[in-house]
Structures are given as structure tokens and as C-alpha cells.
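Summary of structural features
Residue strings, one per chain:
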Amino acid sequence: MSDAMNQDFSDAEAAAMDIALHVALRGHRGANPLVGAVVLGRGGEQLITGYHRGAGTPHAEADAIAKAQAKGLDLTGTTMVVTLEPCNHIGRTGPCARAIIDAGISRVVYAVDDPHDPAAGGAGTLRGAGVDVQSGLAAAEALKLNREWFHAVEATRPFVTLHIAQTLDSRIAATDGTSQWISSPESLADNHGLRRLIDAILVGTETVLVDNPRLTAREADGQESESQPLRAVMGLRDVPADAAVRGIDGKFIQLPTRDPAEALDLLFAQGVRHVMVEGGSRILSAFLGAGLVDELIVYLAPTLLGAGTPALTDLGISTLADAQQWNWDDAGGGAVHALGRDLRLHLRSGPTDGNKPAWKSHDEHHEPFRGKDASDTTTGGH
Ligand SMILES: NC(=O)c1ccc[n+]([C@@H]2O[C@H](COP(=O)([O-])OP(=O)(O)OC[C@H]3O[C@@H](n4cnc5c(N)ncnc54)[C@H](OP(=O)(O)O)[C@@H]3O)[C@@H](O)[C@H]2O)c1
Ligand SMILES: [Zn+2]
């Protein structure tokens, strides 16, 4: 069967799919899948690449087409190689099937079907417009690229990112409760960048009572970002009427439960497709213990406390053979990334594949704020 399938694709298309899978990793995981695209000229030469940066940003196909148009390239008669079936829906960014047809692209090769009902059907629209469409090239690799995302879509629950800001000895607060800020300003800025991409941020009632965090996404200058995640507090105790997390924009919800699955159901019903769980340790442990975490982001500060709140409590593991194994994740900034004095570790769940961490050096995207102090609460992690 694979021989027959391979005959559907040229060597240039197979090589382009490898590149598309690679550029897809530049995006961030979350409500939308990682997607990469490459446009091949009539002679099979690679003209342009595109990728999806995260929810609310252009899809990989639209990104590639926009880049080609900015360069004045005529895409008539070209081939689009993309890791996921082009979408058919009018979401925040318009359907890619339509953009492909309008650009005059005459052949589309994609790896896997889009499992989302509203988005599915792009292949049919393309064929209806006379575009030659083939699927299944590097399907296994494309499924692996978004394994956690496909899983969350099937389970109809939000994609879950767990965030931990900790010391070298895995403490998230000192014995007196102080925790602002364990992380470097660069790590805090990175976290605020992620907050702009997610639908909701979740903490436990204890964190609200101890830290009184705002949980808003803020820019480098401390101003609140235009797009704000829903602020969710999980636990049975009431959130004080004057708690900062309530805010004034109505983007606050209390989840009166201690069951992570129920919390996710409540969020899903609110339209949340990507939630970042930020702490404290009992909440982090509850999600990890329930096996409901897709992605782990750990900001590791070169500091020691010796005592204080541990990042995690009991996960129900008593023997090493039962330890949770995680995979290093090269997506969205890399598996290991230097952020000021901190290291950011990025991992994903799922069956281990024995991969090794790839380093990502400091880049301009993560430049520290100039003239800002780590104790400046306007740029703080909370
Ligand atoms: N460095 C960081 O990244 C970071 C981030 C956040 C917090 N922190 C620190 O973490 C500390 C708070 O951590 P924490 O573990 O004490 O509190 P927490 O995890 O924030 O909240 C625990 C509370 O959440 C509720 N809850 C809901 N579901 C639960 C479940 N499945 N299991 C247990 N509790 C559940 C319970 O309160 P109810 O009685 O209301 O149900 C429980 O008392 C603070 O010092 C804060 O500064 C650090
Ligand atoms: Zn699309």
C-alpha cells in the first residue's frame, strides 16, 4: 500500500513536507494545532514557507500566501504542501481553502485530515474548484506533531498547559509564602506572551488568598494586553469580593470543584479550548495526577530555598517504575531555552519516544526589558 501511496507524491513534495513539519514547530501549542506549509513552483522548487503561530493568528497556508504576495510571487499553477488539511470555515482568519483557490494554486498535498467538524471539508471545496488534492504524505509524522492536540479534540476538553516557576530545588514559594518573583524578568515576559495566546488561566483558591494575583496578560511596559484570557479560580472556598482576580471586565469565573476533569468540563462549556494552569502546588499536582496535562513549561531559576512550598505534592507514585515520563518539546521556543538567568524547560506528554533536549539560544524575541526591575509588579508573573 505504501508503494502505491508514494507514487502519489513526488520527491520534491516529500522533501517539502519534511520542511513543513519542521517550520510548524516554530508555532505555539494550544487551541490550534501546529501547522507548516511549503509552496512549490512548477519545477518543484521551494518558493515560500509558512506556519501557524497560535490561535487568532493566520493559518500556515494563509501565512505562506501572504508572504508570497508580499514578495510579488505569482502562485498560479503552484503546489501547496501542508501538514494538515486546509480549513473550510470562516473563523477568525477566513478559510484557507478559499485563499488557496484565489491564489491560483493548482495542487494541494496534505498529511492528515482536520478532525474539527466546522473546519473539515477543505479538501472537498478545493476539489470542487478543480484543485488536484492528495493526502496521506507523512501522515504518521504529522499526527505525532500534534498528538496531544488531536487527543484533546477527541476528548472534547481544553488543551492543558501547566506552568511552574520554580527554584533549582523545586520550590514555588518560601516558607513565609513569598514567591514574587522567583523567575527572571525575561521569564515573566515570556509567560505574559503565552497568556496572550491562551483562552483561560487557572489557579487554586489558596494562591488567590495568598498572592492576590491579577492574572492578566501584560505588555513589557506593564500595560494590559488587548486580548485577555478568562481568569479561573478552582476550589470550594469563596473568592473575596475585593480579590484582584475578579477584575472589572467580566472575564472571571470560579470553578467550585476540586476535580480537574470537572473544572475542564466547565471551562470547555465556556468556549475555552486552551487553558494554562499556573498553580499552586496542589492544583498542579491534581492535574498531573489525573493525567490531564498536555504540555509542561517550567521556568527554572538558579536559586535555592531549601524549604518552602514544593512545586508538586503527591502524584500517587510510590516506585520509580511508575514515574511519569515526559518528552522534550522543540515547539514554541524549544525544549531548553535560556531566559535571562533562568532556563525554560518545555515538555509534552504522551508515550515517551526517547528524544533528547534541543537547545535554543537567547534570541531577540526574548530580550530583557531595559530599565525594568524584577520587583516591578507591573511586569510581574501574576
Ligand atoms: N511560583 C509559581 O509558579 C506559583 C504559582 C502559583 C502559586 N504559587 C504559590 O503556591 C502557593 C499556593 O499553593 P497551594 O498548593 O497551597 O495552593 P493552590 O494549589 O493554589 O490551592 C489549593 C486549594 O485549591 C483548592 N483545590 C481545588 N482543587 C483541588 C484539588 N484537586 N486538590 C487540592 N486542592 C484543591 C483547595 O481549596 P478549597 O478549600 O477552596 O477547595 C485547596 O486548598 C502560594 O504560596 C503561591 O504563592 C506559586
Ligand atoms: Zn486555515
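In short, a report on the structure. (Residues numbered from 1 in each chain as written. Chains lettered and ligands numbered in written order. Predicted model: local features only at pLDDT ≥ 70, side-chain atom pairs only at ≥ 80, totals over all residues. Heavy atoms only, no water.)

Right, let's get into the pattern of salt bridges. In this structure the tally under the stated criterion is 15 salt bridges. In this structure, R231 and D249 form a salt bridge, with 2.7 Å as the shortest nitrogen-oxygen distance. Here the residue R231 occupies a position in strand β9 (residues 230-234), and D249 occupies one in the loop between β9 and β10 (252-255), the gap between them amounting to 18 residues. A relative accessible area of 1% means that R231 is categorised as buried. Put simply, R29, R147, E148, D329 and R348 are held in one network by salt bridges that share partners. (Salt bridge = Lys/Arg side-chain N within 4 Å of Asp/Glu carboxyl O. Helix = DSSP H or I, 4+ residues; strand = E, 2+ residues; numbered from the N terminus. Buried < 20%, exposed > 50% of the residue type's maximum accessible area, 1.4 Å probe, protein only.)

Attention now moves to the site of ligand 1. Inspection of the region around ligand 1 gives 25 residues, with T207, D211, L236, R237 and R258 positioned closest. The contact in question runs from an oxygen atom of ligand 1 to an N or O atom on the backbone of R237, over 2.8 Å. Between an oxygen atom of ligand 1 and a main-chain N or O atom of G280, the distance comes to 2.8 Å. For ligand 1, whose unbound accessible area comes to 930 Å², protein coverage reaches 89%. Listed by contribution, the elements that provide at least two residues to the shell around ligand 1 are β6 (159-167), β7 (171-173), α9 (205-211), β11 (274-279) and α11 (281-289). Here the shell around ligand 1 gets five residues from one element, more than from any other, and that element is α9. Across the shell around ligand 1, the residue classes break down as eight nonpolar, 11 polar and six charged. (Near = heavy atom within 4 Å. Polar contact = N/O pair within 3.5 Å; in protein donor to acceptor, adjacent residues only side chain to side chain. Areas by Shrake-Rupley, 256 points an atom, 1.4 Å probe, with all protein chains shown as cover. Nonpolar A, V, L, I, M, F, W, Y, C, P; charged D, E, K, R; others polar.)

H59 (ND1), C87 (SG) and C96 (SG) make up the full set of protein donors to the zinc ion (ligand 2), lying at 1.9 to 2.3 Å. Read N to C, the donor residues that coordinate the zinc ion (ligand 2) are spaced as H-x27-C-x8-C. With a gap of 37 residues between them, H59 in the loop between β2 (46-51) and α3 (60-70) and C96 in helix α4 (residues 96-102) connect regions that are remote in the sequence. Like C96, H59 is buried. (Donors = N, O, S within 2.8 Å, 3.2 Å for Na, K, Ca; no water.)

Moving on, we come to the sheet that holds β2. The mixed open sheet is built from five strands, whose spatial order is β2-β1-β3-β4-β5. Edge positions in the sheet fall to β2 and β5 (132-135), since each has one partner strand and no second. With strand direction ignored, the average angle separating the axes of adjacent strands in the sheet is 15 degrees. Sheet topology note: the strand β4 (residues 107-112)/β5 ladder contains four bridges and is parallel. Bridge assignment links V108 to a residue of β5, and that residue is V133. (Pairing = 2+ DSSP bridges. Axes fitted to C-alpha atoms, helices over the stretch in contact; angles between N-to-C directions.)

This part is about the environment of F159. Mapped onto the elements, F159 comes out in strand β6. In this structure the C-alpha to C-alpha distance between F159 and A335, which are 176 residues apart in sequence, comes to 19 Å. Discounting residues that sit within four places of it in the chain, F159 has contacts with R29, G30, E148, W149, A152, R273, H274, V275, D294 and E295. (Contact = heavy atoms within 4.5 Å.)

Our next topic: the packing of aromatic side chains. A full pass over the atoms with the stated rule returns one aromatic pair. Here W149 and F150 contribute two aromatic rings whose centre-to-centre distance is 5.2 Å and whose plane-to-plane angle is 70 degrees, an arrangement assigned as edge-to-face. Take W149 and F150: they sit in the same class, and that class is buried. A cation over an aromatic ring shows up here: R53 above the ring of Y51, its NZ or CZ 4.2 Å from the ring centre. One cation-aromatic arrangement involves R273 over F268; the distance from NZ or CZ to the ring centre is 3.7 Å. (Phe/Tyr/Trp six-rings, centres within 6.5 Å; stacked < 30°, edge-to-face > 60°. Lys NZ or Arg CZ within 6 Å of the ring centre and 35° of its normal.)

Before going further, it helps to examine unusual backbone geometry. Here the residue pair Q180 and W181 is connected by a cis peptide bond, since its omega of 0 degrees sits within 30 degrees of zero. Examined against the element boundaries, W181 turns out to sit in the loop between β7 and α8 (185-195). Look at the link from G279 to G280: it is a cis peptide, with omega at 0 degrees. Tracing the sequence through the fold places G280 in the loop between β11 and α11. For T156, which is not a glycine, the phi torsion comes out positive at approximately 40 degrees. Here T156 shows up in the loop between α7 (147-154) and β6. According to the relative accessible area criterion, T156 is partly exposed, its value standing at 46%. Non-glycine residue L215 carries a positive phi angle of around 60 degrees.

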